[in-house]
Amino acid sequence: MADRIDELPRIHQACWDELTRAARDKGHAWRMMALATVAAPADAGAAPMADLRSVVLREVNPHERTLMFFTDARSPKVAQIAAQPASTLLVWCPQLSWQLRLRAQLVVEHSGLAVSSRWARLKMKPAAHDYLAPLPPGTPLAHPQPERGTREHFAVVQARVQAIDWLELHPDGQRRAVFDADGRGQWLTP
Ligand SMILES: Cc1cc2nc3c(=O)[nH]c(=O)nc-3n(C[C@H](O)[C@H](O)[C@H](O)COP(=O)(O)O)c2cc1C
């Protein structure tokens, strides 16, 4: 286990350094994030429900404090984000013994340079098939293997991080801190 960092600004910086590393390093545990959104109820009058799924962290901009994911523009999460852009992202890294709970505002981009430049890089790779299914994600199928289509439904999700809830598990005692959108930190009871 690495030496513990004692100063809040250095912990905040280390969070962003590790997130940046995670977007580049396929072996980093933070590359796989759990993204929680709010799902509208199927029945009118019922309460909204939390929804959750795995997403791959593709890019990080530590200066803008943004994260980027790719998705199928027709996936249910896209409609959920349009209705309620506030989300929570969760990651845990056993090597660091750090959990991050990130509060973020999400924006889905369907067109424009951010989308076309990423699709141009992705479309020659096997992962492009994830965005070429002829039917929207979640559509019932007669067979387990979906067909392949030709039209892409690629979209980019930008997450602007507004708060980081950092938790460190350690044999000498757990530590927890929260950082606001400007990086100001506050120790919390774990
Ligand atoms: C390891 C793993 C990585 C995934 N990465 C992504 C991703 O980057 N983007 C994405 O939209 N879905 C990804 N998925 C699929 C989602 O978890 C989810 O099943 C799908 O997007 C439909 O979600 P929705 O119905 O909430 O829209 C991944 C699934 C797994 C198991």
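Residue positions are given per chain, counting from 1 as you read along its sequence in written order. With pLDDT at 70 or above as the cut-off, local features in this predicted model cover only qualifying residues; side-chain atom pairs require 80 or more to be listed or tallied, and sums for whole chains, interfaces and linings still use all residues. The basis for every side-chain value is the complete set of heavy atoms in the structure, and neither hydrogens nor water enter the calculation.

The next subject is the site of the ligand. The nearness test applies per residue and asks whether one of its heavy atoms lies within 4 Å of the molecule or strand. The local shell around the ligand consists of Met32, Arg53, Ser54, Val55, Val56, Phe70, Thr71, Ser75, Pro76 and Lys77. N or O atoms closer than or at 3.5 Å make up a polar contact, with two conditions inside protein: a donor-capable atom paired with an acceptor-capable one, and, for residues adjacent in sequence, both atoms drawn from side chains. Take Arg53: an N or O atom from its side chain is 2.8 Å from an oxygen atom of the ligand. Phe70 is positioned such that a nitrogen or oxygen atom in its backbone is 2.8 Å from a nitrogen atom of the ligand. Protein burial of the ligand: of its 620 Å² of free accessible surface, 61% is covered by the chains. Helix and strand assignments follow DSSP, with helices taken as H or I runs no shorter than four residues and strands as E runs no shorter than two, numbered in order from the N terminus. Among the elements of the structure, β2 (49–56), β4 (66–72) and α2 (76–83) are those that each provide at least two residues to the shell around the ligand. Per-element tally for the shell around the ligand: the top contributor is β2, with four residues. Under the scheme applied, nonpolar residues are Ala, Val, Leu, Ile, Met, Phe, Trp, Tyr, Cys and Pro; charged residues are Asp, Glu, Lys and Arg; polar residues are all the others, including Gly. Along the lines of polarity and charge, the residues of the shell around the ligand split into five nonpolar, three polar and two charged. Method for areas: the Shrake-Rupley scheme with a 1.4 Å probe, in which residue coverage is limited to the protein chains shown.

Only centres within 6.5 Å qualify two rings of Phe, Tyr or Trp (six-membered ring in Trp) as a pair; their planes then separate them into stacked at under 30 degrees, edge-to-face at over 60, and tilted for everything else. All chains considered together, the criterion is met by seven aromatic pairs. Between Phe70 and Phe154, the aromatic rings sit 4.9 Å apart at their centres with planes inclined by 70 degrees, giving edge-to-face as the arrangement. Of this pair, Phe70 sits in strand β4 while Phe154 sits in strand β7 (residues 154–168), and the two are 84 residues apart along the sequence. Note on accessibility: Phe70 and Phe154 belong to one class, buried. For the pair Trp119 and Tyr131, a centre-to-centre distance of 6.3 Å together with 90 degrees between the ring planes defines the contact as edge-to-face. Note that Trp119 is positioned in helix α3 (residues 113–122) and Tyr131 in the loop between α3 and β7, a separation of 12 residues in sequence. We call a residue buried when its accessible area falls under 20% of the maximum for its residue type, exposed when it is over 50%, and partly exposed in between, using a 1.4 Å probe and counting protein chains only. In this structure Trp119 comes out as buried when scored by relative accessible area, which is 11%. Feature note: the residues Trp30, Trp98, Trp166 and Trp187 constitute an aromatic cluster, connected by ring pairs.

All right, on to the side chain of Arg176 then. Along the chain, the position of Arg176 falls in strand β8 (residues 175–179). Among the polar contacts made by the side chain of Arg176, one reaches the side chain of Asp165 at a distance of 2.6 Å. If near-sequence neighbours (up to four positions away) are discounted, Arg176 is found in contact with Arg101, Asp165, Trp166, Leu167, Gln186, Trp187, Leu188, Thr189 and Pro190. In this description, contact between two residues means that some pair of their heavy atoms is separated by no more than 4.5 Å.

Mapped onto the elements of the fold, Asp165 is located in strand β7. For Asp165, the residues in contact, after removing those within four places along its chain, are Gln99, Leu100, Arg101, Arg176, Ala177 and Val178.

Helices are assigned an expected span. That span is 1.5 Å times one less than the residue count. Over its 17 residues, helix α1 (residues 8–24) extends 25 Å from the first C-alpha to the last, a length consistent with the 24 Å expected when each residue adds 1.5 Å. Inspection of α1 places Leu8, Ile11, His12, Ala14, Cys15, Trp16, Glu18, Leu19, Thr20, Ala22 and Ala23 among the buried residues, and these make up the whole buried set.

This paragraph deals with unusual backbone geometry. Phi at Arg65 is positive, roughly 60 degrees, even though this residue is not glycine. Tracing the backbone shows Arg65 in the loop between β3 (59–61) and β4. Owing to a relative accessible area of 22%, Arg65 belongs among the partly exposed residues under this scheme.

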